[in-house]
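# Notes for the structure review
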Amino acid sequence: MEGIQGNGHSESGMPDKSLFRIGEVSRVTATKPFVLRYWETEFPMLQPVKSPKGHRLYRREDIDTVFTIKRLLYDEGFTIAGARRHLRDQALGPNGSNGGSAAAETGAQAGESTPQAIPQHIAMLNRKTLLDLRDSLRSLLTVLESE
């Protein structure tokens, strides 16, 4: 096991395992557990798996996502809606696709309609539209409540 110190932790300070309970993630990321649970509701890309007993188990990629969200919100000054949009746009890639199969994308670009390409594209578009609408409505509600 490369990068492992004698105490069972990697050089980055993370324990050498693939799943982490919320308390461990809280300590590693210096983020309160209630904040992590809230972020799960606001960021669809942050979805820890649940154990049979219902405990949240974060994967390493979930922890990377927590660090990214924390940086966007606290260091770069993004709003939650802005950070969510930024992460979603990053996941979609520069051409607006979500990195689906190259064959499906090529076929769709050539005018061929594959059963997977069109519904997935429409579903992503509808989800993006609904999330943007939700963000706009929340902003409007905040303005109305402050008056």
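Just above, that's the structure.
Residues numbered from 1 in each chain as written. Predicted model: local features only at pLDDT ≥ 70, side-chain atom pairs only at ≥ 80, totals over all residues. Heavy atoms only, no water.

Moving on, we come to the nonpolar core. Residues Val25, Leu36, Trp39, Phe43, Leu46, Tyr58 and Ile69 are the most contacted members of the largest nonpolar core, which totals 16 residues. By residue number, the principal contributor to this core is helix 3 (residues 60–75), which donates five residues. Those residues in contact with Leu46 that lie beyond four places of it in its chain are Leu36, Trp39, Glu40, Tyr58, Asp62, Thr65, Val66 and Ile69. (Core = buried A, V, L, I, M, F, W, Y, C linked by side-chain atoms within 4.5 Å. Buried < 20%, exposed > 50% of the residue type's maximum accessible area, 1.4 Å probe, protein only. Helix = DSSP H or I, 4+ residues; strand = E, 2+ residues; numbered from the N terminus. Contact = heavy atoms within 4.5 Å.)

Glancing now at the pairing of strand 3 (residues 56–59). Looking at chain direction, strand 1 (residues 19–21) and strand 3 are connected through three bridges and run antiparallel. From the neighbouring strand, Leu19 faces strand 3, where its bridge partner is Arg59. As paired strands, strand 2 (residues 49–50) and strand 3 are joined by two bridges and run antiparallel to one another. Looking across to strand 3, one finds that Lys50 is bridged to Arg56. In this structure, the hairpin formed by strand 2 and strand 3 is closed by a connection of five residues, where Gly54 is found at a positive phi of approximately 90°. (Pairing = 2+ DSSP bridges.)

Don't take any of this as a statement about function, it's just geometry.
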